[in-house]
Amino acid sequence: MTHLLIIVLDDLSRLPELLQVWQEIGVPGATILESVGAHRARSWLSRVGLEGLDQLFEAKDVRRRTLLAAFDDEDLLHQAVAEAERVVGSFDQPNTGMLLAIPVVFAKGIVK
C-alpha cells in the first residue's frame, strides 16, 4: 500500500541535511511547500495587524516547510521516518514540527 509521509518542519536549518539523508537512503523525491501554522499566524497577525497579511510567508518567526513524500515501499517509509527523527529530533518535543504517515487509497505518478 502507498503511504504519504507529511512532515511540517519548524527548524528550516534542518532541511538540507534531511533532504541529503533521504537521497542517500533512496527516497525518490519529495515536494516542499511553504507553510505557516494557524496558531503562529494568528499570533503574528495580532502583533502586526491584518495589513501584514501579504508578508506572512516572509516573516521568519512563522515560516515553516511542509514536506510531502509518497512511498510504495513500507521499509523505506520506516527508514525515512527514522532518519527524519534523527536529523530533527523527536517530533514529540516542542518546536520540532509534526510528522504524519497516512495510507493512500489511490495514487498515480509516484516515482519509484
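Residues numbered from 1 in each chain as written. Predicted model: local features only at pLDDT ≥ 70, side-chain atom pairs only at ≥ 80, totals over all residues. Heavy atoms only, no water.

Student: Describe helix 1 (residues 15-25), and please don't skip the residues or the numbers.
Tutor: L15, L18, V21 and W22 are the residues of helix 1 that are buried. Taken end-on, helix 1 shows its buried residues confined to a sector of 135 degrees, consistent with a single buried face. Every exposed residue of helix 1 that faces more than 90 degrees away from the buried side is listed here: P16, Q23 and E24. Just past helix 1, the residue G26 takes up positive phi, approximately 100 degrees. (Buried < 20%, exposed > 50% of the residue type's maximum accessible area, 1.4 Å probe, protein only. Helix = DSSP H or I, 4+ residues; strand = E, 2+ residues; numbered from the N terminus. Arc of directions from axis to C-beta.)

Student: Let's hear about the packing of helix 1 against helix 3 (residues 74-88): which residues, and what values?
Tutor: At a closest axis distance of 10 Å, the pairing of helix 1 and helix 3 adopts a crossing angle of 150 degrees. In terms of orientation, helix 1 lies roughly antiparallel with respect to helix 3. Read as a crossing pair, helix 1 and helix 3 show a hand that is right-handed. Touching E17, L18, V21, W22 and I25 of helix 1 are L76, Q79, A80, E83, A84, R86 and V87, all from helix 3. (Axes fitted to C-alpha atoms, helices over the stretch in contact; angles between N-to-C directions. Parallel < 35°, antiparallel > 145°, perpendicular 65-115°, else oblique. Left-handed = near helix turned anticlockwise from the far one by under 90°. Contact = heavy atoms within 4.5 Å.)

Student: Describe in detail the environment of R64, supporting the description with residues and values.
Tutor: With respect to the element layout, R64 can be found in strand 3 (residues 64-71). A sequence separation of 29 residues divides R64 from S35, and the C-alpha atoms of the two residues are 5.1 Å apart. Within the structure, the side chain of R64 is placed 3.0 Å from the side chain of D10, a separation counted as a polar contact. (Polar contact = N/O pair within 3.5 Å; in protein donor to acceptor, adjacent residues only side chain to side chain.)

Student: Summarise the pattern of salt bridges; cite the residues concerned and give the values.
Tutor: Scanning all chains against the criterion turns up five salt bridges. Notably, a salt bridge pairs R14 with D11, separated by 3.4 Å at the nearest N-O pair. For R14, a relative accessible area of 32% corresponds to the partly exposed category. Looking at D11, the relative accessible area reads 32%, which means it is partly exposed. Among the salt bridges present, the one from E34 reaches R65, with a minimum N-O distance of 3.9 Å. In this pair, E34 sits in strand 2 (residues 31-35) while R65 sits in strand 3, placing the two residues 31 residues apart along the sequence. Taking relative accessible area as the criterion, R65 reaches 16% and is therefore assigned buried. (Salt bridge = Lys/Arg side-chain N within 4 Å of Asp/Glu carboxyl O.)

Such coordinate-based values are descriptive only and should not be taken to indicate function.
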